[in-house]
Amino acid sequence: MTKVMKHLLIAGGGFAGFWSAMSAARQARELGVRGQLKITLINRDEYLGLRPRFYEADLTGARIPLRKWLVPLGIDLVVGEIARIIPASRHIQFVKGPTAVPDIAYDQLILATGSRQAYPDFVERGRVFSVDTFAEATTLDRHLRALAATGFPTPASRTFVVVGGSFTGLEIVTALPSKLEHLARSTPRITFHLIEQAPEIGLGYPPDARLYIMERLRHLGITVHTTQKGLRHEQGCLILADKQQLPTETVIVATGFTASSLAAAFDGPRDRLGRLTVDTFLRLPAHPEVLAAGDISLAKTDPDHYAVMSCQHAMPQGRTAGHNAVSLLFNGSPLPYSQPRYRTCLDLGPGDALVTAGWERHIITTGLEAKVIKTEEILNQAISPPMDITDTLAMASPVTAL
Ligand SMILES: Cc1cc2nc3c(=O)[nH]c(=O)nc-3n(C[C@H](O)[C@H](O)[C@H](O)COP(=O)(O)OP(=O)(O)OC[C@H]3O[C@@H](n4cnc5c(N)ncnc54)[C@H](O)[C@@H]3O)c2cc1C
């Protein structure tokens, strides 16, 4: 008698999708069901984009080819833009492009299409930059190089504005001065501005950490403008709430993220960021054949806290989702997702960073020691999968600590 093949579809090849795929392959081996399971991962392109590196001065190695891990494990990669998910008939439709991708049906779906930059409505779209995707980070990089090549001839070319004084905005703005110094022979009269709508920058950090961040911004010569509501962006000029005008060729937006619009296909509660509520096994309560992991998922890390949009949470959620999807298909034991430990590591430019622990974000270390944690432990290690497939599979266990 021929065995019936089950199809696990993973939508999204970021941190959550990648680790879902690795964990699913691992659990299929554990349960001895490799011959009965087809795993397909769908992504816009063939890369795992290391988004936390997209603000860096050098983008080399900031995305890695998915096929290196997928091919040896027999996981199919489909490159295409998912247009629609139809839960009633359990299939996915693609945006029609030069290479038509046929609809794909699934038995179990892991939704891991992440999040995207939420653009405030005052900005002139197409005239601002962001570091949300590799393509956008590359566009910004090209723009900075072009400005550096002309020697910053006009006031607007010498004025750099980052909108959003939270985690991503801070990492972008503190990296900019050294990046420009690296690109240009001289950087005369260049100004940097950080714009925040709240009364203070560093939302989510306690007062001592915010003080540390402010001192660092002062040291780097970055002008901070807080309580900036009602901004206008017109003809290459940013007009602040106090009517101050900043003619600028470079506005970089870092005003937060919103969950992938594919979440809209599913019933069930969601938060203000559009994330879908999941149960402890990362299933959508209204669609038990669908699990959600990463930025699109609203999962509890412990009884009192929800995960934030971060790789810190996306990777373990992916490991749990992959394990559970295969377990649910083949009568294995799904595992609850839990992640009580929380820490942050904020890059603050050359030789400086800020590491905190706990949901109250107590400062653990700052300065060079924190910078080494950011670059060596996080950016160069924790967010990249091991090169060796066996090591990767071992790390894909849902009980692996981050
Ligand atoms: C500049 C920056 C700095 C950051 N710094 C940190 C940090 O220091 N620490 C931290 O923990 N987090 C950080 N983050 C957040 C972190 O990168 C995200 O939380 C993480 O990427 C979420 O992983 P994910 O797999 O859910 O989504 P993503 O990484 O966004 O992956 C989603 C994938 O799905 C694909 N996709 C989406 N829609 C479709 C579609 N319709 N069709 C096909 N494919 C689709 C995308 O192309 C992408 O490959 C940072 C983010 C940015 C932008």
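Computed from a predicted model, the values in this text were never measured in an experiment.

Student: Looking at this model, I keep getting lost on the sheet that holds strand β9 (residues 108-111). Mind explaining?
Tutor: The strand order β5-β2-β1-β9-β21-β20 describes an open sheet built from six strands, whose pairing is mixed. Each having just a single partner strand, β5 (76-79) and β20 (283-284) make up the two edges of the open sheet. By the bridge criterion, four bridges tie strand β1 (residues 6-11) to β9 in an arrangement that is parallel. Bridge assignment links Leu9 to a residue of β9, and that residue is Leu109.

Student: I tried to follow empty space enclosed by the protein on my own but got confused; where do I start?
Tutor: If you roll a probe as big as a water molecule over the atoms, it shows you where there is empty space left. With the rule as written, the count across this model stands at two cavities of 30 Å³ or more. Of the volumes computed, that of the largest cavity is approximately 110 Å³. Forming the walls of the largest cavity are 14 residues, and the residues nearest its centre are Tyr55, Glu56, Leu140, Leu144 and Lys179. Among the secondary structure elements, those contributing two or more residues to the lining of the largest cavity are α3 (134-150) and α4 (167-183). Taken together, the residues that form the lining of the largest cavity break down as eleven nonpolar, no polar and three charged. Counting residues domain by domain, the lining of the largest cavity receives three or more from each of domain 1 (6-117 + 257-340) and domain 2 (134-253). In this structure, the second largest cavity encloses a volume near 40 Å³. Considering the residues around the second largest cavity, the lining is formed by Arg275, Gly294, Asp295, Ser297, Ala307, Val308, Met309, Ser310, His313, Ala314 and Gln317. The element best represented in the lining of the second largest cavity is helix α6 (residues 311-329), accounting for three residues.

How each quantity is defined
Residues numbered from 1 in each chain as written. Predicted model: local features only at pLDDT ≥ 70, side-chain atom pairs only at ≥ 80, totals over all residues. Heavy atoms only, no water. Pairing = 2+ DSSP bridges. Helix = DSSP H or I, 4+ residues; strand = E, 2+ residues; numbered from the N terminus. 1 Å grid on protein atoms, 1.4 Å probe; cavity = no way out; pocket = protein on both sides within 12 Å on 5 of 7 lines; lining within 4 Å. Points joined across faces, edges and corners; volume = space filled by probe spheres on them. Nonpolar A, V, L, I, M, F, W, Y, C, P; charged D, E, K, R; others polar. Domains from an automatic or database assignment.

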